[in-house]
Structure formats: structure tokens, C-alpha cells
Amino acid sequence: MAGFRKMIGSNLLRPVLAICMAMFIGTFIIMLSNQDPLFAYGKMVQGAFGGFSRLAESLDRSIPIILTGLATAVAFRTGVFNAGVEGSLYLGAFAAFLVGHYVSAPAIIHVPMVLAAAALVGAVWAFIPGYTKAVYKVDETVTTILLNYVAILFTAYLVAIPFKDVTAGSQQTPLILETAHLYRFLPPSRVHIGLFLAVLLAIFLYWFFKRTTWGYNFNMTGMNPHYAYYVGINVEKTMIYSMLISGAIGGIAGACQIMGILYRFIDQFSPGYGFEGIAVSLLARNHPLGILVAGFFYGALQTGATYMDRTTEVPKELITSLVAIIIFFVTAEGMFSYVQQNGAFRKKLQSIPVLGKLVHKEGE
Amino acid sequence: MDTLDNLVNFSVLVAGIRIATPILLAGLGGLHTMQANILNIGMEGMMLFGAFSAVMVSYYTGSILAATMAAIVTGILAAAIFGLFGVKYRCDIIVAGIAINLFGVSFTTYLLRTIFHVKGSLSDPRIIGFPVVDLPLVSGLPYIGDLFKGHSVMVYIAFLMVVLVHLFLCRTPKGLHIRSVGEHAEAAASVGINPDRIRLQAVLISGFFCGLAGAYLSLAQTRMFVENMVAGRGFIALAAIYFGGGTPVGTMVAALLFGLAEAVSVRLQTIGFPSQFVLMIPYLLTVLVLIAISYVKKMRREKRKYTIAC
């Protein structure tokens, strides 16, 4: 029970406080632009959860984010900052188009085949920064971000010249075969079975990190690579493996967008799913099951924001700004240690019934 | 031969200098954080804030000086947020950088839409750009004189800054402090330097330069504000710093190389060559250089280990 409470305290208190803080700041920003914050937030909630079709849209939007969030978290857990999920996503998506368009097979074989191809390509792409990080100690943040541009430019070339659908005006490829489509189980919405894939993957990763030796090695390498080295874990190999898995999941995230939503590769199709994955992974503090919640929350935020944008005078970019503020507050270790170290401040917090217990617990 | 003439001539060089200028300015700022051992991912966001406030103040006041000042101040403010969370409150510095970039893109777009009620971009005759200056003596020279014609005053300021930054980092006590904190923070602390304060100051200096770089983008290169107009230049600047080995002059050379590559790619596009591959060059080159540097370091480490063992 104490463990559970502690888990809730450290994993839930911070994100919730951060979200409240950001919403509070958002209220001021909306008021400064002469709008009614309650009305805007109301429309946002209505846009995210009001009715079947809105809820379905939130779900549909959260699928790629959950997947990229999981991809990011796997690398984070091993102490590798993979900011390159976006690149794996683009290349994986393109691989999905290639196999989905040029290979024909019955759906039961075709779908796994397309997913496997996307995962493979995503993993190979992530291998480059993973290997150079593990072996040559090249800063992976910089290389992954720079390689994102390379991946996006490369697919932009492929879709502009060799694989362009000449009948279309915009930069896009022809459609993939119907056997490669992911089944949409909540018609008329676009929610597809990629959702189950994401949930299963999250559960698998939870089990993987909690119960397997490999998962233990991953965690150890992330927490303290020197210690991991001395207890006999092959740190380099572990880092490379985690990047491979991270890239593979990133590739699958891209494939799901192609197979479930777009049915073709479109230039610049991602509004930054890879980076949204980073935000979600941070919000969930790299906990696979937490990412399911945080990913859906993020998807709902974006869907609600778009609705708010349409129905009020408040642009949807406000919400993305608030997400940035949330990231700041969630990761501000120093701010929380200030709360914990400052006795007077803590006593004041502890005098508030429910909150006090959580603060106390986290201090332990 | 005709195509080669078309690719390598003075107008490409001049365009290269113009494209290099914002990269150079941001790079000079990022240098300070790099020297203080802080990975500054957030330059992108700082530049965006600078670009937006420059356009806004230029639109309302018509004063280029006020616009530049505003860009610098907002650049420093954005850097202050980055520094406050990244240095003082101990957010992961990479995460803080990503957050400030996200904030920059979304909040400037938000402001663009709530203040000016436009989507995508804002261009207006009321926006005053930087004046164009021809250097009086040099521009009269044969051949190379053309290189110094038609540039905005910011281009010259940027290249002048290279000298100033070099002097600042290598010849002043503050510059020495920044470098010593980057080299060995505990050692610096033991002689009475407050590492966190120095780090914060380095971050603020980078905000100053990023603000200028943003102002250059919106008031010299285009005279308009476009959503997410920085478009990766912050990262190219970071690449330029790495590429230049962390020195001001090296960064300048790298920025010029990258600028030239982009200018050539624009040219190639007009003759039908896929521009994407040329645009990749700065990124690929930087990754390769990073790997090469680390490879050499690793070799050195191993050699040292070997000699100790003997």
C-alpha cells in the first residue's frame, strides 16, 4: 500500500500539478487576448470528449503518439536520448508504402509483412546513432536530430520524383493495396486496429522492463552505466539494442499512419509525432502503461484544441504552448527538491489534507 | 561548362553569405553555451521569438533600432526561461531545449494569429527592414568588390562579432570563467566561481545572439514573419559549432560552407537537380564530422590506456 501510494505520488502528482499550472497560465493568456477562458476550455473539452465521433477522433489521434511515446521511452530507459523517432517514422512509413503497394498477398500475411518491413527500416535507421553513441560516444541527441532532417529530405525526394503519383497534384505516392489496410473497427471513424497494437506493445514493454533479465539490463544501463558495466552488463550492446527497438517501434508508428489512415505516403504527413512522443514519454516518466494514459491525454488535447480553434477565437497553438510549459514543470527536478528541502513550505503543503500525504510520501 | 559557370559565380557566393549570416549569429551565441558545457538545443525557439518580436515592433513603431532591441530582449527572455529551468531547476538540458523550441513555434504562431489575425505569414509595407550598406572602399575593388554589395548592415555586424566573441572568450576574465566552467566545473567552483551563475550567463549571451539571428531572418532576409520560419537553422548552427571545433573562426567557416551549400542547392533546383540531396549536405557532413571527432578521441583514450598498462 505504501509502495502504491508512493508510486502515485511520484508518478501522478507532478504531471497533474504541471497540467494545472499550465492551464492556469493558459487562462491568463486567453484573458489577455480578450477571450473567455472558461468558454474556450469548455469547447476544448467538448471537442475532445463530447460524443462518440469526437472521442473516436481523440483515440485516432493518439495512436501514433502512443507508439512514438513508447519508442522514445525504450531509449530513455537505457539512458539514450533518441530524438530521432521522427526519422524512423518517416522511413518506416515509406517502407510500409513500398511493401504495401508492390507486394501482393492475402491480408493475414500482408499486414504483418508491411509492419515488419517498417520496423526493420526504422531499426536500421536508429542503428546509426545507436552504434556511434555506444562505441564512439558521439552525442546521440545531436546526431538523431540532424538525421531526422536527412530522413525527411530523403523521403521528400522519393515522393517527389521516383514514386510520385503523377495523377495527383500534391507530393504523394499511389495508394497501397487493400490487403495492407489496418481494419477500422469503429466506423465511420478512422480508429483502426493499430490501437490494439499500441496497447499490446505497451503491456509487453511493461512486462519486459519489470520481469525479464533483458529489461533489467536496460534499466540498469539507464540508471547507472558504470554500475551496469561492473555487474557485467554489456552496456554498449544494451544501448544499441534499445535504439534498435526504439527505431523499430518508430517505424511501426509511421506504418500505422499509412496503413490505417492515409493509405499512401504523403510528403510531410507527420505534424511532429516523433517530438510529441518525447513529450508524452516525459509526462509518463517513461512508464509504458503511463504512456497509454498520457498518449490518449495528448491526443485528446490536440483534438480538443482543433475544435476550440474552429469554434472560438482562441488558436489551437495555445495548447501546444501549454504542453511546452507542462514539459518544463514535469521535468523540473530542482523545483521539487526545493519543495522537499524547504521545511516551512512543506509543512504548509502538508496541512492540506489530501495533498499533504502525497508530498510527504514523495519526500521519502 | 555552362552549368558550372551557372553554379559557381559571384551571385551564388553572395547568396551563400546571406544564408550563412543567421547561422553564424546563432552559432556565435551557441558557442558560449558550448564552451560552458551546455548542449543548447533551444536556439531554434529563441530565434523564433526574436524574429517575431522584431517584426511586431517594426510593424508598430517603424523603427529598425527599436525592432532590433526588441528582438534582443525577447531572445534573452526566452533564453532566461531555458536557463531558469535547464540550469536552476535542473530540468534535463535537452528536454528544456526541446520544450523551448516547442514553445517558440507554437506561441509565436499563437501571437501571430491573435494579434494580427493572419495564418501562415505576415508581410506588410509597414514592416521596415534592415538598411542595405555597401562598404565604401572595398566594394569599389575589381572582382571581389561585388561580394560586398547589397548586404544588409547585419551581415557586417555578424562578421564583426566573430572578432569580438573571439576576444571575449580568450582575452577577458568572464570569457575565461565560461571556459573554465565548461572544462571542469568543480575546479572552477573551488577557486570561487559560481558555476551555475556562469552557465546562466552563457545561456543569456546565447539568447542575445539568437535574438539578433531571428531579427536578421525576419527583417533582412525576408521582411516578413512566417510560422516556424527558423526551420532547423538553430540545429544547423549547432552543427556549425561542432563542425568548427567550438571556436568562433571555425564556426564562421562552417556557417559559410553550409550557406554556400544551400545557395548551390537553390541553383541546382533551377536546373532540375533534386535539391533534397544538396540540402542534406550540412546535416550529413556534421554527423560524419561528429563521428570522426569522437573516433579520434576514442583512439587517443585507448592509446593512453595502453601506455599506462606498459
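For the structure itself, consult the block above.
To keep things clear, this report deals only with the structure shown in the data block. Being a predicted model, the structure only gives us computed values, none of them experimental.

**Structural notes on the packing of aromatic side chains**
Residues and elements named next belong to chain A.
Step number 1: Using the criterion set out here, one finds 41 aromatic pairs over all chains in the structure.
Step number 2: Summarising the aromatic geometry, the rings of Phe265 and Phe269 are spaced 5.5 Å apart at their centres and angled 70° between planes, so their arrangement reads as edge-to-face.
Step number 3: Taking relative accessible area as the criterion, Phe265 reaches 0% and is therefore assigned buried.
Step number 4: Relative accessible area serves as the criterion here: at 12%, Phe269 is assigned to the buried category.
Step number 5: What links up through ring pairs into an aromatic cluster is the set Tyr90, Phe94, Phe97, Tyr102, Phe163, Phe265 and Phe269.
Step number 6: Over the aromatic face of Phe209 sits the side chain of Arg77, whose NZ or CZ is 4.5 Å from the ring centroid.

**A look at a nonpolar patch on the surface**
Step number 1: On the surface, a cluster of nonpolar side chains totalling about 330 Å² of accessible area is made up of A:Phe154, B:Ile271, B:Phe273 and B:Phe277.
Step number 2: Within the element layout of this structure, B:Phe273 appears in the loop between α11 (248-270) and α12 (275-309).

**Digging into the environment of B:Ser106**
Step number 1: Residue placement: B:Ser106 occurs in helix α5 (residues 93-115).
Step number 2: According to the relative accessible area criterion, B:Ser106 is buried, its value standing at 4%.
Step number 3: Setting aside residues no more than four positions away along its own chain, B:Ser106 makes contact with A:Glu317, A:Thr320 and A:Ser321.
Step number 4: Engagement of the side chain of B:Ser106 in a polar contact is seen with the side chain of A:Ser321, the distance being 3.1 Å.
Step number 5: Within the structure, B:Ser106 has its side chain in polar contact with the backbone oxygen of B:Leu102 (distance 2.7 Å).

**Quick notes on the pattern of salt bridges**
Step number 1: In total, this model carries 10 salt bridges over all chains according to the counting rule given.
Step number 2: The residue A:Glu57 makes a salt bridge to A:Arg54 at a minimum N-O spacing of 3.8 Å. With A:Glu57 and A:Arg54 both in helix α3 (residues 52-77), this residue pair falls three residues apart, about one helical turn.
Step number 3: A:Glu57 sits in the partly exposed class, given a relative accessible area of 35%.
Step number 4: By relative accessible area, which is 13% here, A:Arg54 ends up buried.
Step number 5: The partner of B:Arg113 in a salt bridge is A:Glu317, and the shortest N-O contact between them spans 3.4 Å. With B:Arg113 in helix α5 and A:Glu317 in helix α13 (residues 317-331), this pair bridges two chains. For the pair shown, B:Arg113 and A:Glu317 are each scored as buried.
Step number 6: Three or more residues are tied together by salt bridges with common partners; here these are A:Asp309, A:Glu317 and B:Arg113.

**Concerning the interface of chain A and chain B**
Step number 1: With 46 residues of chain A at the interface, the matching set in chain B holds 43 residues.
Step number 2: Among the residues chain A hides against chain B, the three largest losses belong to A:Tyr136, A:Leu146 and A:Phe328. Together they make up 17% of the total.
Step number 3: Connecting chain A to chain B are two salt bridges.
Step number 4: Our count for the chain A to chain B interface comes out at five residue pairs in polar contact (both at pLDDT 80 or more).
Step number 5: Of all elements in the fold, only α1 (2-32), α5 (107-136), α6 (140-160), α11 (273-283), α13 and α14 (333-341) of chain A reach the threshold of two or more residues within the side of chain A that touches chain B.
Step number 6: In terms of residue count, α6(A) provides more of the side of chain A that touches chain B than any other element does, 13 residues in total.
Step number 7: Classifying every residue of the side of chain A that touches chain B by side-chain character gives 31 nonpolar, eight polar and seven charged.

**Considering the side chain of A:Thr331**
Step number 1: Relative to the helices and strands, A:Thr331 is located in helix α13.
Step number 2: At a separation of 2.8 Å, a polar atom in the side chain of A:Thr331 contacts the main-chain carbonyl oxygen of A:Ile327.
Step number 3: Ignoring any residue separated from it by four or fewer positions in sequence, one finds A:Thr331 in contact with A:Leu282, B:Arg90, B:Cys91, B:Asp92 and B:Val95.

Cut-offs used in this document
- Residues numbered from 1 in each chain as written.
- Chains lettered and ligands numbered in written order.
- Predicted model: local features only at pLDDT ≥ 70, side-chain atom pairs only at ≥ 80, totals over all residues.
- Heavy atoms only, no water.
- Phe/Tyr/Trp six-rings, centres within 6.5 Å; stacked < 30°, edge-to-face > 60°.
- Buried < 20%, exposed > 50% of the residue type's maximum accessible area, 1.4 Å probe, protein only.
- Lys NZ or Arg CZ within 6 Å of the ring centre and 35° of its normal.
- Patch = residues over 30% accessible without salt bridge, like charges linked within 9 Å, V, L, I, M, F, W, Y side chains within 5 Å.
- Areas by Shrake-Rupley, 256 points an atom, 1.4 Å probe, with all protein chains shown as cover.
- Salt bridge = Lys/Arg side-chain N within 4 Å of Asp/Glu carboxyl O.
- Helix = DSSP H or I, 4+ residues; strand = E, 2+ residues; numbered from the N terminus.
- Contact = heavy atoms within 4.5 Å.
- Polar contact = N/O pair within 3.5 Å; in protein donor to acceptor, adjacent residues only side chain to side chain.
- Buried area = accessible area lost by both parts, 1.4 Å probe.
- Nonpolar A, V, L, I, M, F, W, Y, C, P; charged D, E, K, R; others polar.

Just geometry here; none of it tells us what the structure is for.
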